[in-house]
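# Tertiary structure, described
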Amino acid sequence: MTRAWDAIAGEAVRRALACVDRPAYTVLPGGAALPQIPGPAVVAGMLERLEVEPGHRVLEIGTGSGFSAAVLSRLVGAGGHVTSIDIDARLTERAARLLADDGCRNVRLVTGDGTRWAPAAPAASEQERGVSGGDDQWRRPSGSGYDRVIAWVTPVRVPDVWVRQSAPGGVIVTPVHLAPLARAMAVVRLRRGAGPDRLAADLLMPGGFAEARPEPPGQWPVPSYGVDALTRDAAGRMWWVAAEWLRAHEPAVGMRLLELMITDGRGGTGWPGAADLHAYLLATRPEGLTTATLGDQGWGIGCSDPGGVALAGVSGDLFVAGTSAAAERLDRWALEWRERGRPGMADLTPRLHRRGSGWDVRAAAP
């Protein structure tokens, strides 16, 4: 049977994935899956683009189950090293036990906010040391930086610390926000130049992960960035909406729009290739661009105004509420996308913009 990663990963990544018992890391006692764990195809796609080689030093942001750290451990080999950081001490402690049992002696586990701080890459003489749940034994002089950085959480912008801790020529693969809206995400590959202020982006791919947070997430997974109004319906299901135009209005405008979505929402026929349409809209960012989640109906990208909303869901289904103006505008956007050859994420060009303590990533359509 063809595995999920066979078509998107090279031999080295396929072999490393096949050597790791994924359920041992991702399944909790009792059979439940650890929440918010990326699937093996997503892991394979990002690791393939990370271009890891034996002997590399890798910084991983978002330990999670420890599965990806185990795969990285095999990719870098005995001469390499992996430093993995997670905000949740329960996850780093659990991963440390699993990785030790798995014989991954070239991994250290650190608890902290990896978007604000990361320990220096170990010097070559330090890479023989084993899995650790703390940082006390890693205070010897560092090497020249990490060869590779990979993140499984989405920062608001690519943090300076990742670039500063990268070696010249290093590669960073991370999810990012392509627009200041919740869930407006993609994965970008970056390459560091000779200095920490020299950074280039050369690839975008579909993908999105939980937002990076300064503390472990709570039980109600509200996006921590870009949401302009949120509520629950009578059944307790979460609804939120994000649109830049809402930020010029009183909060009540967003709440009225959510109430309209809950009480008047209806389905319709959408378009094939919705993922490509989503990518195109994130690149062009037309006025009225909106993201929203719809209770238990998933989420979508589209258009909204004070009188209504029209969203293209992940599967291509259309969700409409209120007047027809938003739906008509979304139709015009979709027509423009088709006339331009239906560009998708792989057709977009990433653009970097220095902003504060990091780098914003935006996309340009062909």
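Worth saying up front: this structure is predicted, and the values here are computed from it rather than measured.

### Observations concerning the overall build of the protein
Helix and strand counts for the protein come out as nine helices and 17 strands. Taken across its 366 residues, the protein has 52% of its residues classed as buried. Within the protein, contacts between residues separated by at least 24 positions form 60% of all contacts whose residues are at least 6 apart in sequence. Approximately 15800 Å² of the protein is accessible, and the part contributed by carbon and sulfur atoms is 51%.

### Focus on the side chain of aspartate 305
Among the secondary structure elements, aspartate 305 is positioned in strand E13 (residues 299-305). It turns out aspartate 305 is buried and unbridged, and the closest side chain with the opposite charge, arginine 329, is 4.6 Å from it. A polar contact is formed between the side chain of aspartate 305 and the backbone nitrogen of glycine 307, at a distance of 2.8 Å. Separated by 2.9 Å, the side chain of aspartate 305 and the backbone nitrogen of glycine 308 make a polar contact.

### Quick word on the environment of glycine 62
With respect to the helices and strands, the residue glycine 62 is situated in the loop between strand E1 (57-61) and helix H4 (67-76). C-alpha of glycine 62 to C-alpha of isoleucine 85: the two residues are 23 residues apart in sequence and 5.7 Å apart in space. The contact partners of glycine 62, leaving out residues within four places of it in the chain, are Ile85, Asp86 and Trp152.

### Some details on the pattern of salt bridges
Throughout the structure, instances matching the rule amount to 16 salt bridges. Note that arginine 237 and aspartate 233 form a salt bridge whose closest N and O atoms lie 2.8 Å from each other. A residue is classified by how much of its surface remains accessible, and arginine 237, at 36% relative accessible area, is partly exposed. According to the relative accessible area criterion, aspartate 233 is buried, its value standing at 10%.

### Structural notes on the packing of aromatic side chains
What the rule picks out here adds up to one aromatic pair. Relative to phenylalanine 319, the ring of tryptophan 239 lies with its centre 6.3 Å away and its plane at 55 degrees, an arrangement referred to as tilted. Separated by 80 residues along the polypeptide, tryptophan 239 in strand E10 (residues 238-243) and phenylalanine 319 in strand E15 (residues 318-322) bring together distant segments of the chain. Considered together, tryptophan 239 and phenylalanine 319 belong to a single accessibility category, that of buried residues. Positioned over the ring face of phenylalanine 67 is arginine 22, at 5.5 Å from the centre of the ring.

### Re the sheet that holds strand E5 (residues 158-159)
Pairing is antiparallel across the open sheet formed by three strands, whose spatial order is E5-E17-E16. Unpaired on one side and paired on the other, E5 and strand E16 (349-355) mark the two borders of the sheet. With seven bridges connecting them, E16 and strand E17 (residues 358-364) associate as antiparallel partners. By the bridge assignment, arginine 355 is partnered in E17 with glycine 358.

### Quick notes on the nonpolar core
Counting 55 residues, the largest nonpolar core has Val158, Trp162, Leu178, Leu204, Leu281 and Leu330 as its most contacted members. Setting aside its immediate chain neighbours within four residues, leucine 204 contacts Leu178, Ala186, Val187, Val188, Met345, Ala346, Leu348, Thr349, Pro350 and Ala363. Within the second largest apolar cluster, 34 residues are counted, among which are Val13, Ala16, Val43 and Leu203.

### Re unusual backbone geometry
Phi angles above zero are rare outside glycine, and glutamate 51 is one such case at about 60 degrees. The topology assignment puts glutamate 51 in the loop between helix H3 (40-50) and E1. Assessed through its relative accessible area of 30%, glutamate 51 is described here as partly exposed. Phi at arginine 183 takes a positive value of approximately 65 degrees, unusual for a residue other than glycine. Taking the relative accessible area as the measure of exposure, arginine 183 reaches 33% and is therefore partly exposed.

Parameters at a glance
Residues numbered from 1 in each chain as written. Predicted model: local features only at pLDDT ≥ 70, side-chain atom pairs only at ≥ 80, totals over all residues. Heavy atoms only, no water. Helix = DSSP H or I, 4+ residues; strand = E, 2+ residues; numbered from the N terminus. Buried < 20%, exposed > 50% of the residue type's maximum accessible area, 1.4 Å probe, protein only. Contact = heavy atoms within 4.5 Å. Areas by Shrake-Rupley, 256 points an atom, 1.4 Å probe, with all protein chains shown as cover. Lys, Arg positive; Asp, Glu negative; His and termini not counted. Salt bridge = Lys/Arg side-chain N within 4 Å of Asp/Glu carboxyl O. Polar contact = N/O pair within 3.5 Å; in protein donor to acceptor, adjacent residues only side chain to side chain. Phe/Tyr/Trp six-rings, centres within 6.5 Å; stacked < 30°, edge-to-face > 60°. Lys NZ or Arg CZ within 6 Å of the ring centre and 35° of its normal. Pairing = 2+ DSSP bridges. Core = buried A, V, L, I, M, F, W, Y, C linked by side-chain atoms within 4.5 Å.

Purely geometric stuff here, so don't read any function into it on its own.
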